[in-house]
Amino acid sequence: MYMVLECSMPTRHSACRYVLYHKSLFGGDGMAIKYIPEPFRIKVVEPLKMLTFQEREKKIAEAHNNVFYLRSEDVYIDLLTDSGTNAMSQFQWAGVMQGDEAYAGASSYFKLMDAAKDVFNYDYIQPVHQGRAAEKVLLPLFLGEGKFAISNMFFDTTRAHVILAGARPIDCVVEAALDPAKRAPFKGNMDVEKLERLIKEHTPEKIGLVVMTITNNSAGGQPVSIQNIKETAAICGKYAIPFSIDAARYAENAYFIQRDEAGCQNKSIKEIVREIFSYADMFTMSAKKDAIVNMGGLLGVRDGQKYGGLIQEIKSRCIEFEGLYTYGGLAGRDLEALAIGVYEGLDNNYLRYRVGQMEYLASRLDDAGIAYQAPVGGHGVFLDARAMFPHIPYYEYPAQALCVELYKEAGIRCCDIGSFMLGNDPDTGEQLKADFEFSRLAIPRRVYTQAHLDVIADAVIEVSKRAKNIKRGYKITWEPQILRHFQAHLEPIA
Ligand code: F0G
């Protein structure tokens, strides 16, 4: 029904925009429209409240200038995260009614096992209540005092679990990722030469785990190519280092591979997903993203023989923290919704519309000359706050300042992916300087409409117009030791 008009092959390195030709609506030669329409209609609505600018100013001050303290009812468009904020389909809700709530061996568990083994093709799959639970179960089995874990980029909870296990995390993303203005494909990739250098420098025995995060959330939802996953796996194999995938956004990553990687255009998303996972030894997954559920996670082991008693240890640790291994901290109804969601996330029409939302937002920002991590990634637009507030240093948290302004401007809640989130050096206690200062507009799946996207773009443009009048950033008046951004209190610097 829809044809891509401009962009013979829609590469992300060319203009970040699709122009579609809607034949059936306009007939004849048709009319150009600049977005991909929603491939669903709405059956249940959730009313939203709109506060005034003055009310929002008061709310954010009461929230210690930390968006995590805002009540969701005081938010108009909630872009805090794309995690667990997805709208489930009618099929998933129907599945919820079939949840088998038995403590052990529920039919819903076996349904999930069939689906997950079919999609990922792994010997062992362990459900857990969310991604960080998988990290808590798995990471200490490979990491400890004196060890290192290397990733293209760790997300905050994964980084925290590496540190909690006694080890130290090292990021190893390609150089291109560090320049938000540089449009290059697969900016989420591992720098494989640097990886090998790091392994030799620290010695292979000290590298407990290599983790590939797909898509690379902290670098802007940037995808990783199959080629890069293969090369990383080869290096891990050469030095006998276990290789794990942090797989929260596996389907979006596969979509970018299908769209942009040479030789992948004729492969299905499922084929690409299976190929990606075939190169790793194990994976941890927050299912709250691409498996389109509100709660859930998975842990997988590809070859049950390769690491002796690994599966048994996973089961035992799961029982300690999550509950029996046949429910892993989830209700039977959650297992059902997840068994359906792992397939829905692979749908090409849905993925094209989803990434199209990001591309539309990005194209509006391009028109206004506003910088973001370009080309746009899979689950959100990562605004470059350093470019918008060049006069605010990293230790005054420019990205946090932009988040506060967007809330005041239009009731939009987004979050800092920058020095505020990165926190302090675990050894010296000094504020670390992040590679980026991003304000992340994470887009929940199947939740917001085209009109909402325009409200978001208009708000960013309005804030950018008054950015030079916002002279200073924020200081932290209280913070907890680990994952401080969720709870810290901030004050504007006078
Ligand atoms: N790994 C990645 C790449 C993630 O993005 C997340 C969560 C996790 C692991 C942890 O999963 O939340 O289910 O425990 N990211 C969310 C976000 C919270 O907003 O990006 P979880």
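Just so you know, these numbers come straight off a predicted model, no measurement behind them.

**Student:** Can you walk me through the overall build of the protein in this structure?
**Tutor:** For the protein, the count of helices and strands is 17 helices and 17 strands. Along the longest, intermediate and shortest principal axes, the C-alpha atoms of the protein span 60 × 60 × 45 Å. Counting only residues that meet the buried cut, the protein has 59% of its 494 residues in that class. The long-range share in the protein, meaning contacts at least 24 apart out of those at least 6 apart in sequence, stands at 71%. Put simply, the protein shows about 19900 Å² of open surface, and 52% of that area lies on carbon and sulfur atoms. Averaged over its 56 positive side-chain charges, the protein has a centre that lies 2 Å from the centre of its 62 negative ones.

**Student:** Would you mind showing me how to read the layout of surface pockets here?
**Tutor:** Rolled over the atoms, a probe as big as a water molecule pinpoints where empty space is left. By volume, the largest pocket amounts to about 1400 Å³. Lining the largest pocket are 36 residues, and of these V44, A87, M88, R446 and V447 sit closest to its centre. Those elements that provide at least two residues to the lining of the largest pocket are β4 (77-78), α3 (90-96) and α13 (348-368). Ranked by residues supplied to the lining of the largest pocket, first place goes to α3 with 3 residues. Mapping the lining of the largest pocket onto the domain boundaries places at least three of its residues in each of domain 1 (43-82 + 356-492) and domain 2 (90-344). When its volume is computed, the second largest pocket comes out at roughly 860 Å³. Along the walls of the second largest pocket sit 33 residues, with R159, L422, N424, P426 and L432 positioned nearest its centre. In this structure, the lining of the second largest pocket is formed jointly by two domains, domain 1 (43-82 + 356-492) and domain 2 (90-344), each of which donates at least three residues.

**Student:** Mind showing me how you'd approach the side chain of Q373 here?
**Tutor:** Topologically, Q373 is positioned in the loop between α13 and β12 (380-384). Assessed through its relative accessible area of 1%, Q373 is described here as buried. Among the polar contacts listed, one links the side chain of Q373 to the side chain of K187, at a separation of 2.7 Å. Not counting residues up to four positions away in its chain, the partners in contact with Q373 are A177, D179, P180, K187, A219, G220, Q222, F382, F436 and F438.

**Student:** Help me understand the domain arrangement of the protein in this model?
**Tutor:** When the parts of a complex come together, some accessible area is lost, and that lost area is often used as the size of the interface. Each domain of the protein was delimited in the assignment, giving domain 1 (43-82 + 356-492) and domain 2 (90-344). Once you take the C-alpha centre of each, domain 1 and domain 2 turn out to be 27 Å apart. Every contact between the two is made by 29 residues of domain 1 and, on the other side, 35 residues of domain 2. Across the domain 1 to domain 2 interface the summed buried area is about 2600 Å²; carbon plus sulfur atoms make up 53%. Seen at the junction of domain 1 and domain 2, the total is 7 salt bridges.

**Student:** It is not clear to me how the nonpolar core should be interpreted in this structure. Could you clarify?
**Tutor:** A general trend in soluble globular proteins is that nonpolar side chains are found buried together. Among the nonpolar cores identified, the biggest contains 70 residues, and F120, Y250, I276, F277 and F283 are the most heavily contacted of them. What Y250 contacts, discounting residues up to four positions off in sequence, is F120, I214, V273, F277, M285, D290, A291, V342 and L346.

Reading the values: the criteria
Residues numbered from 1 in each chain as written. Predicted model: local features only at pLDDT ≥ 70, side-chain atom pairs only at ≥ 80, totals over all residues. Heavy atoms only, no water. Helix = DSSP H or I, 4+ residues; strand = E, 2+ residues; numbered from the N terminus. Buried < 20%, exposed > 50% of the residue type's maximum accessible area, 1.4 Å probe, protein only. Contact = heavy atoms within 4.5 Å. Areas by Shrake-Rupley, 256 points an atom, 1.4 Å probe, with all protein chains shown as cover. Lys, Arg positive; Asp, Glu negative; His and termini not counted. Charge placed at Lys NZ, Arg CZ, Asp CG, Glu CD. 1 Å grid on protein atoms, 1.4 Å probe; cavity = no way out; pocket = protein on both sides within 12 Å on 5 of 7 lines; lining within 4 Å. Points joined across faces, edges and corners; volume = space filled by probe spheres on them. Domains from an automatic or database assignment. Polar contact = N/O pair within 3.5 Å; in protein donor to acceptor, adjacent residues only side chain to side chain. Buried area = accessible area lost by both parts, 1.4 Å probe. Salt bridge = Lys/Arg side-chain N within 4 Å of Asp/Glu carboxyl O. Core = buried A, V, L, I, M, F, W, Y, C linked by side-chain atoms within 4.5 Å.

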